[in-house]
Amino acid sequence: MENTKKVVLRFAPNPNGPMTLGHSRGVIINSEYAKMYDGEVILRFDDTDTKRKPPEIWAYKQIQDEYEWLTGKTPDRIVFASDRMPIYLQHAEEDILNQNAYVCTCSAEKFKILRDSKQACPCRNLDTSENHQRWMKMNDLQSNWEEGAAVVRIKTDLDLPNPALRDWPALRIQTTEHPRVGTTYRVWPLLDYQSAIEDYLQGVTHIIRGKDLMDSTRKQTILYDLRGWKYPETMYWGRVKVHEFGGFSTSGMKADISEGKYSGWDDQRLPTIAALRRRGFSPKALRAFWIELGLNQKDISVSMTTIESHNSKVIDKITPRVSFIGQNNASLTLDLKKEWNSEILKLPKHPDDSEMGYRNWPSPKNGDIIVLEKDDIDEEIRLKEFANATVKSTKISADEFERTDRRPIVHWLLENHTMPAILSTSNGDEIVENKGLIETGKYQVGDIFQLERMGFARITEISENSEIKLVFLHE
RNA sequence: GCUGGUAUAGUGUAGUGGUCCAUCAUGACGGGUUCUCGAUCCGUCGACCCGGGUUCAAAUCCCGGUAUCAGCACCA
């Protein structure tokens, strides 16, 4: 990054839904650069399309919340594009009056043909007052110009080698109601125009964006040149795919959710920040992940296991252990050959950190019911942190508390010290619910545990009959 | 089709002309430790897209090819 004197960055999502994992790259890269250069980050809501990407009023709030969760701080500034409409329209009028722009009434199809052959459309050469009249007509709420009837174009060199840049559209008519400002405005700027003007007004010094917006930079640079402004330094990142999810399409997910394919934006199968958060990912892990990927223009495809590995590093040493036995279990009657000389059985909350304390189970007694995973049952097993045991049909006899041999260690439960629990795991697009038992304890929604020999999970709900609902995080 | 971007181990990443028989992480495999299939420690495996050129010297610069991604929307 050059020119690092006073760095102003921005992250500009469309509030047509909450953040996806993809957005978190923008949040984290921008905020990390700001941290590095002691700069600021603007959170800007680019909510100027009411039709194809209708803004969701709740998403504004949620995005702010997710921004804070990801970075650990609030944005330095928040801008709503829809609040700034008068300013954009005023700039557009200036551009029309200065002949930087003109109002075009050609159809999109007709214009494309002309553009591809480097031909000027008839509207391009209209005089300024005619253009201004057309501009007024576009803005007139009573006008008979409907959506698509007219568009404001920025005048460029028609010989530009890249056809995408020739006389690019800057504003259009849009009559769909906006959730924040209703039908106050009829003419709305397109991203390339709105973003260009706003970046200048906010004093943005560096733009970090996906490389799919490279042509946007080129279009906006033309406008900046016309206005005698200096375009910010721009950097790009390449496309990211996650093996397990593919791309991150907000509109696609929105459709799937409304069809009932997913339970909501925080459905554990979705690559949204809400889902990751609900499952128990740490924002630190997400930051480490994106920082490791860095800022480059390569198109990459990463695996969730990379993020999970970062997450384990963050949470493993602070996450208490707990025993869970799934629905495929077996109950065995305990035959205790020796008495356990204590009122309680103390199990460490964390094997490597005694300061975390202990889980106190009632001391097992003769005739107690021991619950095990069926698959773990073998003739000779070790009940973890308790005793060597021998299984014969429905009886389990424990004769030695010390660990004396290498027999397999299994996790287990004392039936009289359990609570019902459901562990929800996703397997591809399928959700598998495992109805089992968890050891009795004081649980709260949001707690993250490592289920012994299974992996991490987070409590999402505790129902009235104290059934604990858990969602699986990762191994 | 036109325009532009990218190309280092399975996956990511460092490396901007010599110090690179190429860094680190993750992964896989093997082993130590541990009363978890967790954590931790040690070891092993594995890469500069292809072809030309410039240069005493190229992963690094240039050209061509190939692959791949993107833009060519009155979306963001």
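Cut-off values and rules
Residues numbered from 1 in each chain as written. Chains lettered and ligands numbered in written order. Predicted model: local features only at pLDDT ≥ 70, side-chain atom pairs only at ≥ 80, totals over all residues. Heavy atoms only, no water. Helix = DSSP H or I, 4+ residues; strand = E, 2+ residues; numbered from the N terminus. Contact = heavy atoms within 4.5 Å. Phe/Tyr/Trp six-rings, centres within 6.5 Å; stacked < 30°, edge-to-face > 60°. Buried < 20%, exposed > 50% of the residue type's maximum accessible area, 1.4 Å probe, protein only. Lys NZ or Arg CZ within 6 Å of the ring centre and 35° of its normal. Pairing = 2+ DSSP bridges. Axes fitted to C-alpha atoms, helices over the stretch in contact; angles between N-to-C directions. Expected span 1.5 Å × (residues − 1). Salt bridge = Lys/Arg side-chain N within 4 Å of Asp/Glu carboxyl O. 1 Å grid on protein atoms, 1.4 Å probe; cavity = no way out; pocket = protein on both sides within 12 Å on 5 of 7 lines; lining within 4 Å. Points joined across faces, edges and corners; volume = space filled by probe spheres on them. Nonpolar A, V, L, I, M, F, W, Y, C, P; charged D, E, K, R; others polar. Near = heavy atom within 4 Å. Polar contact = N/O pair within 3.5 Å; in protein donor to acceptor, adjacent residues only side chain to side chain.

This brings us to the environment of Ile 462. Within the secondary structure, Ile 462 is located in strand 26 (residues 455–462). As a C-alpha pair, Ile 462 and Arg 277 span 185 residues in sequence and 18 Å in three-dimensional space. Excluding residues within four positions of it along the chain, Ile 462 makes contact with Tyr 443, Gln 444, Val 445, Glu 467 and Ile 468.

Moving on: the packing of aromatic side chains. Here the structure, examined in full by the defined rule, presents 15 aromatic pairs. Measuring from centroid to centroid gives 4.8 Å for Tyr 224 and Tyr 231, while their planes differ by 75 degrees, and the two rings are edge-to-face. Here Tyr 224 falls in the buried class, since its relative accessible area comes to 1%. By way of ring pairs, the aromatic residues Tyr 200, Tyr 224, Trp 229 and Tyr 231 are connected into one cluster. In this structure, Arg 180 packs its charged tip against the face of Phe 80, placed 4.1 Å from the ring centre. The ring of Tyr 358 carries Lys 346 above its face, with NZ or CZ at 4.5 Å from the centroid.

In spatial order, the strands read 12-25-26-27-23-24-13; together these seven strands make up an open sheet with mixed pairing. Two strands close off the open sheet at either side, each with one partner strand: strand 12 (321–322) and strand 13 (324–325). Summarising the sheet, strand 12 and strand 25 (residues 448–451) pair through two bridges and their orientation is parallel. Bridging from a neighbouring strand, Arg 321 pairs with Gln 450 of strand 25.

Now for the pairing of strand 24 (residues 430–439). Sheet analysis places strand 13 next to strand 24, joined by two bridges and oriented antiparallel. Following the sheet pairing, Ile 325 is matched in strand 24 by Leu 437. Relative to strand 24, strand 23 (residues 418–427) is paired through 10 bridges, and the arrangement is antiparallel. Of the residues in strand 24, the one forming a bridge with Ser 426 is Ile 431. Remark: two residues form the turn of the hairpin made by strand 23 and strand 24, two consecutive strands paired antiparallel; Gly 428 in that turn has positive phi of roughly 65 degrees.

Sheet strands line up and pair through hydrogen bonds in the backbone, either parallel or antiparallel. Read across the sheet, three strands follow the order 1-2-3 without closing on themselves; strand pairing throughout is parallel. Each of the sheet's edge strands pairs with one partner strand only, and the pair in question is strand 1 (8–11) and strand 3 (77–80). Going from strand to strand, the sheet's axes swing by 25 degrees on average, the running direction of each strand aside. Note that strand 2 (residues 40–45) and strand 3 share four bridges and pair parallel. Each bridged residue has a counterpart across the sheet, and for Ile 42 the counterpart in strand 3 is Arg 77. Helix 1 (residues 21–37) rests against strand 1 and strand 2 of the sheet, and its axis sits at about 165 degrees to strand 1.

What follows is about the side chain of Ser 303. With respect to the element layout, Ser 303 can be found in the loop between strand 11 (300–302) and helix 11 (304–315). We classify Ser 303 as buried; its relative accessible area is 15%. Ignoring anything within four residues of it in the chain, the contact list for Ser 303 reads Val 242, His 243 and Glu 244.

Time to look at helix 2 (residues 57–71). With 15 residues, helix 2 should reach 21 Å at 1.5 Å per residue; the first-to-last C-alpha distance of 23 Å fits that figure. Of the positions making up helix 2, those classed as buried are Ala 59, Tyr 60, Ile 63, Gln 64, Glu 66, Tyr 67, Trp 69, Leu 70 and Thr 71. Here the buried face of helix 2 lies against helix 1, strand 2, strand 3, helix 9 (273–279) and helix 10 (283–293). At the C-terminal side of helix 2, Gly 72 shows a positive phi close to 80 degrees.

The next point concerns the pattern of salt bridges. Tallied over the full model, the rule gives 34 salt bridges. Ionic pairing is found between Asp 316 and Arg 321, a salt bridge with its closest N-O pair at 2.9 Å. Accessibility expressed as a relative area gives 7% for Arg 321, which makes it buried. Connected through shared salt-bridge partners, Arg 359, Lys 384, Glu 385, Glu 439 and Glu 452 make up one network.

The next subject is unusual backbone geometry. Positioned with a positive phi, Lys 118 is a non-glycine residue whose angle comes to about 60 degrees. One can find Lys 118 in the loop between helix 4 (108–116) and helix 5 (128–139). Positioned with a positive phi, Arg 453 is a non-glycine residue whose angle comes to about 65 degrees. Given the relative accessible area of 47%, Arg 453 is considered partly exposed.

Before going further, it helps to examine empty space enclosed by the protein. Tallied over the entire structure, the rule returns two cavities of 30 Å³ or more. Roughly 70 Å³ of volume is contained in the largest cavity. Only helix 1 and helix 2 provide two or more residues apiece to the lining of the largest cavity. A total of four residues in the lining of the largest cavity trace back to one element, the largest contributor, which is helix 1. Class assignment for the residues of the lining of the largest cavity results in three nonpolar, three polar and five charged. Here the second largest cavity defines a volume of roughly 40 Å³. Forming the boundary of the second largest cavity are Ser 323, Leu 347, Arg 359, Trp 361, Lys 384, His 411, Trp 412, Glu 439 and Glu 452. Residues of the lining of the second largest cavity, tallied by class, amount to three nonpolar, two polar and four charged.

Taken together, 55 residues form the shell around RNA strand B, and within it Arg 172, Ser 301, Asp 352, Arg 382 and Arg 453 come nearest. Between a phosphate oxygen of RNA strand B and a side-chain N or O atom of Arg 172, the distance comes to 2.5 Å. Within the side chain of Asn 296, a nitrogen or oxygen atom sits 2.9 Å from a phosphate oxygen of RNA strand B. When contributions to the surface near RNA strand B are tallied by element, the ones reaching two or more residues are helix 4, strand 6 (169–173), helix 7 (214–227), helix 10, strand 11 and helix 11. When the residues that make up the surface near RNA strand B are grouped by side-chain class, the tally is 19 nonpolar, 10 polar and 26 charged.

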